[in-house]
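The chain contents come next:
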Amino acid sequence: MDFFKKIKKHTKISFLNYGIVIAFYFIIQVVAMSGHLTNSLKGQLIPIVSYVIMALALNLVVGISGELSLGHAGFMSVGAFSGVVVSMSLAQTIPSTGLRLLCAILVGALLAGIAGVIIGIPVLRLNGDYLAIVTLAFGEIIKNVLNCLYVGMDGAGIHMSFKDTASLNLAADGKILINGPMGATGVTKLSTFMAGTILLIVVLVIIQNLVNSRTGLAIMAIRDNRIAAEASGVPVTKHKLIAFVTSAAIAGAAGALYALNYSTIAPKKFDFNTSILVLVFVVLGGIGNMTGSIIAAALLTILPELLRKFADYRMLIYAIVLIIVMITTNNEKVRAFINGLKKKPKQEEAKNE
Amino acid sequence: MSDKAQTPVLQTSHLGIDFGGLTAVDEFNISIAPTEIKGLIGPNGAGKTTIFNLLTKVYQPSRGTILLDGKDTRSMSPVQVNHAGIARTFQNIRLFDQLTVEENVKIGLHDHIKYGMFSGIFRLPSFWKEEKRAHEEALKLLDIFGMADEANVRADSLPYGAQRRLEIVRALATQPKLLLLDEPAAGMNPSETEELMNNIKKIRDEFKIAVMLIEHDMNLVMGICENIVVVNFGKIIAEGTPTQIQNDPQVIEAYLGGRKEED
Ligand SMILES: Nc1ncnc2c1ncn2[C@@H]1O[C@H](COP(=O)(O)OP(=O)(O)OP(=O)(O)O)[C@@H](O)[C@H]1O
Ligand SMILES: [Mg+2]
């Protein structure tokens, strides 16, 4: 009996999150059908979904694993540019755009995950805040590498160079896919709001089920007390790696989704500011709180667009909203009030002991 | 008596560690029988906690060997030592504060819950089966200390004594052969201490494991330990039954007597 009650409590929060995402999807559909969806908001739908996924991914590292990553935009860009190359080079082989998008997302996730392994293995063996420094460097390095990366494609296959477009030696029918600092140009837009929503649901399933399993428990135990976790027989590096690499791979998937929403995408889009922006979503939404990440990322991505009308007061309103979000998500009293029904019984129970 | 004939669950020889110029532990030789309750006592700063840290590999020994069930633990990490059969509690309580009481125990069970990451993500049958088993096992262990009702309470909201008890349950969940308790009665009132004594004996009898405990409460030590090791300045100064220790002039001078004068 008690067992099912317990499982239900976890599941309740998970299903709340699925509900929010699905509700958002249908509200947008209804608004679109009634003809009230502005073009600017329509253009923001995929970025919103991408940033929500980014925030969820980063929350897995920051909130669940208790490590700090300052370079998550780096993983996003790995996913973005590998996704673009995959989608462009498969244009002939796979005519279905949905399938091509899926391939792009999977390859983007895979490569970003590999980047996560390469960074994670040496760094996560150390105890201390080294991950923040190394991911910060990674974000900058990846941006600079992509700034001088040239990729082209012709009948003979994919050509790559770190010099310029001329040294790609493309045949006459060749096409430049990635053009250094200009980034990817002439990209076929494959991302759709529906595909993004499906990806978001899949990401939620992965993260929430991972967190609510033996593996997630071990990750949180290491966060709370590394020495006690080791003494209880929980391998530390392995679990920190699981959280970090899963997060990196998801960020890669978000990157591919994001990039395939634009016809051009430049490496400088994924700079330090983007990493910090995502961190802001996570902190404002509440560290370790997935629902908060979803809402904070969505609101703060839409907000600048919605405020365009108010031109002069835009940043002022943005700042006020930031402060309100901060107070409501991180203030014990307000939070207890907001989810009164959900949390109160638990707190009272604790006090009675 | 029959215990003496079996191989000891733990045997150390010439165990020692230096911190810079300070020799914190030196020539530490003990042997613990498979179901023995052994006391480790000594004045503050004698090196008792350091000995636990050596046995569990929180510190790498500077010299000497540790045999656990006859196996040398030289190359083992703290995690491997736990898997090999040593579990412990900490003098400064180390719980997983943000997890519930039950989840803390499940971390102890981590190595004994048999499903992988993918079964967890995709909620395969093994997830449900093993989670159910882990839940039942955790409640059974919590029940030793009558804590099953507090299973869903956050660990850091427990009162001090209950936190100490939860640490013991978590350690027990790893299914050790040797349980190390670092001042388990610290901060407990006399009736709590009395109950703890009975529970430590009960654990030993039920799980057939060895227990080594550090404790300043002499009633507890003399009440349940079959053998006592006294350390001072990192070295063993006496060893024997509670009666022998109580009458040992060196111990009285270094520790028991010294404490009386303080009082
Ligand atoms: N990591 C360390 N670095 C340097 N010195 C240490 C370290 N750990 C312990 N020591 C020293 O080793 C000695 C023994 O400390 P330990 O904590 O083992 O004592 P204890 O017997 O457990 O004392 P108490 O009864 O107060 O808990 C002390 O002098 C302490 O300062
Ligand atoms: Mg100590």
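Everything below is about the structure printed above this text.
Throughout this document, residue positions are counted from 1 along each chain, in the order its sequence is written. Chain letters start at A and ligand numbers start at 1, both assigned in the order the entries are written. Residue-level local features of this predicted model are given only where pLDDT is at least 70; pairs of side-chain atoms are given and counted only at 80 or more, and the full residue set underlies all totals for whole chains, interfaces and linings. Computation of side-chain values covers all heavy atoms of the structure but excludes hydrogens and water.

Peer 1: Just checking my understanding: could you explain the pattern of salt bridges for this structure?
Peer 2: Note on pairing: side chains with opposite charge can pair once their charged atoms come close. Residues and elements named next belong to chain A. Here a salt bridge means any side-chain nitrogen of Lys or Arg lying within 4 Å of a carboxyl oxygen belonging to Asp or Glu. The tally for this structure, following the rule as stated, stands at 20 salt bridges over all chains. Note that K240 is salt-bridged to E67, the shortest N-O span being 3.1 Å. A residue pair is termed long-range when its members are at least 10 positions apart, and K240 in helix 9 (residues 236-259) and E67 in the loop between helix 2 (39-64) and helix 3 (72-89) qualify at 173 residues. With respect to class, K240 is no different from E67; both count as buried. Put simply, DSSP marks the helices as runs of H or I at least four residues long and the strands as runs of E at least two long, and each gets a number from the N terminus on. Think of it in three bands: residues with accessible area under 20% of the maximum for their type are buried, residues over 50% are exposed, and the middle band is partly exposed, with areas taken using a 1.4 Å probe on protein chains only.

Peer 1: Is there a simple way to explain the site of ligand 1 in this structure?
Peer 2: Residues and elements named next belong to chain B. In the vicinity of ligand 1 lie 14 residues, with G45, K48, T49, T50 and Q91 positioned nearest. Polar contacts, as used here, are pairs of N or O atoms within 3.5 Å; protein pairs need one atom able to donate a hydrogen and one able to accept it. Residues neighboring in sequence count only if both atoms are side-chain atoms. A distance of 2.7 Å separates an oxygen atom of ligand 1 from a polar side-chain atom of T49. In this structure, a nitrogen atom belonging to ligand 1 sits 2.9 Å away from a side-chain N or O atom of Y59. Computed by Shrake-Rupley with a 1.4 Å probe, the accessible areas treat only the displayed protein chains as cover when residues are assessed. Bound to the protein, ligand 1 loses 65% of the 630 Å² it would expose on its own. Those elements that provide at least two residues to the shell around ligand 1 are strand 2 (22-28) and helix 2 (48-55). A total of three residues in the shell around ligand 1 trace back to one element, the largest contributor, which is helix 2. Grouping the constituent residues of the shell around ligand 1 by class yields five nonpolar, seven polar and two charged. Only heavy atoms are used to decide nearness, and a residue is near a molecule or strand if one of them lies within 4 Å of it. Under the scheme applied, nonpolar residues are Ala, Val, Leu, Ile, Met, Phe, Trp, Tyr, Cys and Pro; charged residues are Asp, Glu, Lys and Arg; polar residues are all the others, including Gly.

Peer 1: Would you take a moment to explain the coordination of the magnesium ion (ligand 2) for this structure?
Peer 2: Ideal values differ by geometry: the angle at a metal is 109.5 degrees with four tetrahedral donors, but 90 or 180 degrees with six octahedral donors. Residues and elements named next belong to chain B. Coordinating donors are taken to be N, O and S atoms lying within 2.8 Å of the metal, or within 3.2 Å when the metal is Na, K or Ca; because water is excluded from the atom set, some sites may appear incomplete. With distances of 1.9 to 2.0 Å, the protein atoms coordinating the magnesium ion (ligand 2) are T49 (OG1) and Q91 (OE1). Here the residue T49 occupies a position in helix 2, and Q91 occupies one in the loop between strand 7 (86-88) and helix 4 (101-108), the gap between them amounting to 42 residues. Relative accessible area serves as the criterion here: at 25%, T49 is assigned to the partly exposed category.

Peer 1: What's the story with the nonpolar core in this structure? I'm lost.
Peer 2: Generally speaking, soluble globular proteins have nonpolar side chains that are buried together. Each nonpolar core is a collection of buried residues, namely Ala, Val, Leu, Ile, Met, Phe, Trp, Tyr and Cys, held together in the definition by side-chain atoms within 4.5 Å. Core analysis: the biggest nonpolar cluster contains 111 residues, and I53, L56 and F75 of chain A have the highest contact counts within it. It only takes one pair of heavy atoms within 4.5 Å for two residues to be counted as in contact. Those residues in contact with F75 of chain A that sit more than four places away from it in its chain are A112, A115, G116, I119, F138, F244, A248, A251 and G252 of chain A. Counting residues in each nonpolar core, the second largest holds 52 residues, with A173, I203, V211 and M218 of chain B among its members.

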